[in-house]
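Secondary and tertiary structure notes
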Amino acid sequence: MTALTVLADPTTVKVNGASTLGTSGGSGTGAVTYQVISGPCTVSGATLTGLGPGSCSRTVTTAADGVYADATSDPATITVDLAPQSPLTLLANPTTLEVNGISALDTTGGNGTGAVTYQLVSGPCSVSGSTLTGLGAGSCVVTATKAEDAVYAAITSKRATVTVELVPQSPLTLLANPTTVEVSGASALSATGGNGTGAERKSVV
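Presented here is an overview of the structure given in this document. (Residues numbered from 1 in each chain as written. Predicted model: local features only at pLDDT ≥ 70, side-chain atom pairs only at ≥ 80, totals over all residues. Heavy atoms only, no water.)

Remarks on the state of the cysteines
- If you walk through the whole model with that rule in mind, you get two disulfides.
- In this model Cys41 forms its disulfide with Cys56; the gap between the sulfur atoms is 1.9 Å. In this structure the cystine formed by Cys41 and Cys56 twists about its S-S bond by roughly 85°; its chirality is therefore right-handed. In this pair, Cys41 is assigned in strand 5 (residues 41-44) and Cys56 in strand 7 (residues 54-62), connecting sequence segments 15 residues apart. With respect to class, Cys41 is no different from Cys56; both count as buried.
- Take the cysteines of the protein that form disulfides and number them in order along the sequence; they join up as 1-2, 3-4. (Disulfide = S-S within 2.5 Å. Helix = DSSP H or I, 4+ residues; strand = E, 2+ residues; numbered from the N terminus. Buried < 20%, exposed > 50% of the residue type's maximum accessible area, 1.4 Å probe, protein only.)

Description of the nonpolar core
- If you look at the biggest cluster of nonpolar residues, it comprises 16 residues, and the most contacted ones within it are Leu90, Leu105, Leu132 and Val164.
- Mapped by element, the contributors of at least two residues to this core are strand 10 (88-93), strand 16 (138-146) and strand 18 (160-165).
- Leu132 has contacts with Leu97, Gly101, Ile102, Ser103, Leu105, Cys125, Ser126, Val127, Cys140, Val142 and Val162, leaving out every residue within four places of it along the chain. (Core = buried A, V, L, I, M, F, W, Y, C linked by side-chain atoms within 4.5 Å. Contact = heavy atoms within 4.5 Å.)

Here we look at the side chain of Thr61
- Relative to the elements of secondary structure, Thr61 occurs in strand 7.
- Of the polar contacts made by the side chain of Thr61, one reaches the side chain of Gln35; its length is 3.5 Å.
- Each residue touching Thr61, except ones within four places of it in the same chain, is listed here: Leu4, Ala31, Val32, Thr33, Gln35, Ala71 and Thr72. (Polar contact = N/O pair within 3.5 Å; in protein donor to acceptor, adjacent residues only side chain to side chain.)

Here's the deal with unusual backbone geometry
- Cis geometry marks the peptide bond from Asp9 to Pro10, where omega comes out at 0°.
- Here Asn93 and Pro94 are connected by a cis peptide whose omega angle stands at 0°.
- A positive phi is found at Asn16, a non-glycine position, where the angle reads about 75°.
- Tracing the sequence through the fold places Asn16 in the loop between strand 2 (12-14) and strand 3 (18-24).
- You will see that Asn100, though not glycine, has its phi angle at about 75°, which is positive.
- Structurally, Asn100 is set in the loop between strand 11 (96-98) and strand 12 (102-109).
- For Asn100, a relative accessible area of 60% gives the class exposed.

Regarding the sheet that holds strand 15 (residues 131-134)
- Here four strands make up an open sheet; going across it, the order is 10-12-15-14 and the pairing antiparallel. Both edges of this open sheet fall to strand 10 and strand 14 (125-128), since each of them pairs with a single strand only. Taken over all neighbouring pairs, the strand axes of this sheet differ in orientation by 30° on average, direction set aside.
- Of the strand pairs in this sheet, strand 12 and strand 15 are connected by three bridges, and their pairing is antiparallel. Across the sheet, residue Ser103 finds its bridge partner in strand 15, namely Leu132. (Pairing = 2+ DSSP bridges. Axes fitted to C-alpha atoms, helices over the stretch in contact; angles between N-to-C directions.)

Now the structure itself:
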């Protein structure tokens, strides 16, 4: 009697994926049955299904017939991997804001129940939860990651950019006192309105 070997096609599956089992070797006409010895898999007939990530050890047994005794193969392993998620897209609303303004972050796509987190890659911004705040003028690059769960591997989105612009000042009014002077006379210039700490600069147009 030749040695009995258990086969699988493929030998690596994704969670909820299936592998078709077969045999080589052995002798006789006894019924063939497959067994999962360990790991997150089930067997129905000649089909093995991966239920979670890990390694599944299985064997095959041929029953005794009128000539040959029953025989069981040595264990063999099938690897079960997490399934890939569909592409994850990061959304920002709005994509342009002013300093100290905020943008709401969200995603579309992905799969499973993994939590979504947002990361600041570069730029004068901060991220708290799903809110991006512009701290200074410039471009802020962010990504989103959806974590793995029992079925799907983690995935990270492509980078997205949010533009932060300076806040416009309120109207600035130039005052002159007096507004009429003689040759070589002087008028004191001042301004009202505007915002911020920027220095005032007066120009003769």
